[in-house]
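Single-letter residue listing:
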Amino acid sequence: MPTVQADNPSTSAEECLEAIKRVFGSTESSRTSQVKYLKTYQQEGEKISAYVLRLETALESCGKRAIPRNIGDQVQVEQVMAGANLNNVLWYRLWEPKDQGPLPTFLQLMEVIREEEEEEAYFEQKGGARGKGGLWPLG
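Rules used in this analysis
Residues numbered from 1 in each chain as written. Predicted model: local features only at pLDDT ≥ 70, side-chain atom pairs only at ≥ 80, totals over all residues. Heavy atoms only, no water. UniProt positions renumbered as here; feature names shortened; annotations may be inferred. Helix = DSSP H or I, 4+ residues; strand = E, 2+ residues; numbered from the N terminus. Expected span 1.5 Å × (residues − 1). Buried < 20%, exposed > 50% of the residue type's maximum accessible area, 1.4 Å probe, protein only. Core = buried A, V, L, I, M, F, W, Y, C linked by side-chain atoms within 4.5 Å. Contact = heavy atoms within 4.5 Å. Salt bridge = Lys/Arg side-chain N within 4 Å of Asp/Glu carboxyl O. Phe/Tyr/Trp six-rings, centres within 6.5 Å; stacked < 30°, edge-to-face > 60°. Polar contact = N/O pair within 3.5 Å; in protein donor to acceptor, adjacent residues only side chain to side chain.

You'll find the protein chain entered in an unreviewed UniProt entry as Paraneoplastic antigen Ma2 homolog, with Apodemus speciosus given as the organism. For the protein chain, the Subcellular location (unreviewed entry) comment in UniProt is given as "Nucleus, Nucleolus". Quoted verbatim from the Sequence similarities (unreviewed entry) field of UniProt, the annotation for the protein chain is "Belongs to the PNMA family."

Structure (C-alpha cells):
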C-alpha cells in the first residue's frame, strides 16, 4: 500500500487492493469467478448497459480456462437474458439471432442495448407508452 500511495496519498484502500490485484492477479479461482459471473444480476435502478459493462468485467476476471473466449459472446448474451430486466422488444432482439447465426459481440450487444435505452428514454420523455410490437433485427 505505501508504494501505491506514494504516487497519490489520497488513494483509498479499495483502490490499493485493485492495484495489487492488477499487479499480482486475483487469488480467486477461475471456478469461483465463473460462479460469481453466473450469479451476477442487474441491480435495482441500474441501466442494462451498466449491467452489461459489469458483466464484461466479471467475464474478463473469469479467465480463459473458466469461460473460453470463443463462447464468451454466447455466455454473455445468455447471462444478460437471464440476469437483466428486459422489455419485450429487447428480449426479442437478443433472442432472435440465437437461431440465425453468430451472436452479437460485446460491442454489438452494447449498441443494441444503448439504442433501446435511448428509444425508451424518448418515449418516457414524451409521456407515452412504447408499443410491444416493432421488432427490429440486430443487423
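A. Highlighting the environment of K36. For K36, the location among the structural elements is in helix α3 (residues 30-38). Each C-alpha atom of the pair K36 and L59 lies 9.5 Å from the other, and the pair is 23 residues apart in sequence.

B. Molecular detail of helix α5 (residues 72-83). In this model, α5 (12 residues) spans 16 Å end to end at C-alpha, consistent with the 16 Å of a helix rising 1.5 Å per residue. All of the buried residues along α5 are G72, V75, Q76, V77, Q79, V80, M81 and G83.

C. Representation of the nonpolar core in the model. Residues Y37, V52, V80, L86, L90, L94 and L109 are the most contacted members of the largest nonpolar core, which totals 22 residues. The greatest single-element share of this core, amounting to seven residues, is contributed by helix α4 (residues 48-66). Contacts of L86, omitting those with residues within four sequence positions, involve I48, V80, M81, W91 and L94.

D. Looking closely at the pattern of salt bridges. One pass over the structure, following the stated rule, counts two salt bridges. For E46, the salt bridge goes to R54, with nearest N and O atoms at 2.8 Å. Relative accessible area serves as the criterion here: at 15%, E46 is assigned to the buried category. Here R54 falls in the partly exposed class, since its relative accessible area comes to 29%. Close ionic contact of R93 with E115 constitutes a salt bridge, the shortest N to O distance being 3.0 Å. Within this pair, whereas R93 is found in helix α6 (residues 88-95), its partner E115 is found in helix α7 (residues 106-125), the two being separated by 22 residues in sequence.

E. View of the packing of aromatic side chains. Under the definition given, this model contains one aromatic pair. Between Y122 and F123, the ring centres sit 5.5 Å apart and the planes meet at 80°, which makes this aromatic pair edge-to-face.

F. Structural context of the environment of Q42. Mapped onto the elements of the fold, Q42 is located in the loop between α3 and α4. The exposure class assigned to Q42 is buried, which follows from its relative accessible area of 14%. Once the C-alpha coordinates of Q42 and G83 are considered, the two residues, 41 residues apart in sequence, prove to be 5.8 Å apart. Engagement of the side chain of Q42 in a polar contact is seen with the backbone nitrogen of N85, the distance being 2.7 Å.

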